[in-house]
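# Observations on the model geometry
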Amino acid sequence: MNENTIHEHILVTGGTGMTGRRVTALLTEAGVRVRVGSRAGEPRFDWHEPSTWDAVLDGVTGVYLCYHPDLAFPGAAEAVTAFAERAAAAGVRRMALLSGRGEKGAQNTEDMVLAAFPDTTVLRCSVFAQDFSESFFLPPLLEGALVLPMPDIPEPFVDLDDVARVAVRSLTEDGHGGAIHELTGPEAITFTEAVRVVGEVSGRQVRFQEVSAEEFVATMASAGAPEELAHGLVGLLEEILDGRNVEPTDGVERVLGRPATPFAEYARRAADAWR
């Protein structure tokens, strides 16, 4: 953090979500004024209602851009780019965009956002470790089996706490404008290995199982997910979990000055989620 941090006022879109709430907490701890962008916020913010954008941008110096469910989904590129243009017009100085590693659609959105706001810092991530404890991997794990529509390939799962810290550095320090930070964990492990770690720290009997796309959609639907989202996730997972993202990067270490968090360390912290 620099000495001017106290004068920052940062909008966190998706501020109540998995990454946004972490970014919000870290900024608040650092004494930064934060505006949480959400449909329940004040002022209200909704990606699908441009009429809500100007109020949340009023007076902010930085923006954390997080589009749900993913930048590769239909409509994301247009909405996020239009918002970036609005932010530039409002005088925003810094912007950090959560993006997808190895996702063609997400990287197309990156290009459009960088054209609108060249000083955007891009944070490219693939599969979050917290997907096992806070998102769509959790319900099937609690039932005893993580079912996914792809083979058991290695993935360098990234800890969202690391991602949030990189985001905060990007939003409060100079030198990150226009940078692309590829963020991963320190090593690639298979889903079977990850699930084994979950079992060890929680005492739960769990396993990994490859299923068809149809079975995966049915599992998601039974957990309450909209069918459209489930089908979108199938396409996304098939794209990013084909081996393209196996190689870990040093992105976290380059920004934070210390190694990325191993999956086992994350799992020990998250163990209560599976008990």
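Everything numeric here is computed off the predicted structure, so don't read it as measured data.

## Structural notes on the pattern of salt bridges
All told, the structure shown has 21 salt bridges when counted by the stated rule. Close ionic contact of glutamate 182 with arginine 124 constitutes a salt bridge, the shortest N to O distance being 3.1 Å. Placement of the pair is glutamate 182 in strand S8 (residues 180-182) and arginine 124 in strand S5 (residues 120-125), with a sequence separation of 58 residues. Salt-bridge contacts for aspartate 161 lead to arginine 269; the nearest nitrogen and oxygen are separated by 2.8 Å.

## Considering the state of the cysteines
Considering all chains together, one arrives at zero disulfides under this definition. The thiol of cysteine 66 is not disulfide-bonded; the next cysteine sulfur, from cysteine 125, is found 9.9 Å away. For cysteine 125, a relative accessible area of 2% corresponds to the buried category.

## Some details on the packing of helix H9 (residues 213-222) against helix H10 (residues 227-240)
Look at H9 against H10: their axes get within 9 Å of each other, and the N-to-C directions meet at 135°. Relative to H10, the element H9 lies oblique. Of the two possible hands of crossing, H9 and H10 adopt the one that is right-handed. Residue-level contacts link Ala213, Phe216, Val217 and Met220 of H9 to Glu227, Ala230, His231, Leu233, Val234, Leu237 and Glu238 of H10. Looking at side-chain class alone, the contact of H9 with H10 contains eight nonpolar, one polar and two charged residues.

## Some details on the pairing of S5
By the criterion of burial, S5 is predominantly enclosed, with six of the six residues buried. Neither face of S5 is exposed, since Thr120, Val122 and Arg124 on one face and Thr121, Leu123 and Cys125 on the opposite face are all buried. Here strand S4 (residues 94-100) runs beside S5; their pairing, made up of six bridges, is parallel. The partner of methionine 95 across the bridge, within S5, is threonine 120. Handedness of the S4-helix H4 (residues 104-116)-S5 crossover: right-handed. Of the pairings in the sheet, the one linking S5 to S8 comprises three bridges and is parallel in character. Bridge assignment links leucine 123 to a residue of S8, and that residue is histidine 181.

## A look at the side chain of threonine 24
Of note, threonine 24 is situated in helix H1 (residues 20-29). In this view, threonine 24 contacts Val12, Gly15, Val34 and Val36; residues no more than four positions away in its chain are not counted.

Calculation criteria
- Residues numbered from 1 in each chain as written.
- Predicted model: local features only at pLDDT ≥ 70, side-chain atom pairs only at ≥ 80, totals over all residues.
- Heavy atoms only, no water.
- Salt bridge = Lys/Arg side-chain N within 4 Å of Asp/Glu carboxyl O.
- Helix = DSSP H or I, 4+ residues; strand = E, 2+ residues; numbered from the N terminus.
- Disulfide = S-S within 2.5 Å.
- Buried < 20%, exposed > 50% of the residue type's maximum accessible area, 1.4 Å probe, protein only.
- Axes fitted to C-alpha atoms, helices over the stretch in contact; angles between N-to-C directions.
- Parallel < 35°, antiparallel > 145°, perpendicular 65-115°, else oblique.
- Left-handed = near helix turned anticlockwise from the far one by under 90°.
- Contact = heavy atoms within 4.5 Å.
- Nonpolar A, V, L, I, M, F, W, Y, C, P; charged D, E, K, R; others polar.
- Pairing = 2+ DSSP bridges.
- Right-handed = clockwise from strand over helix to strand, strands pointing away.

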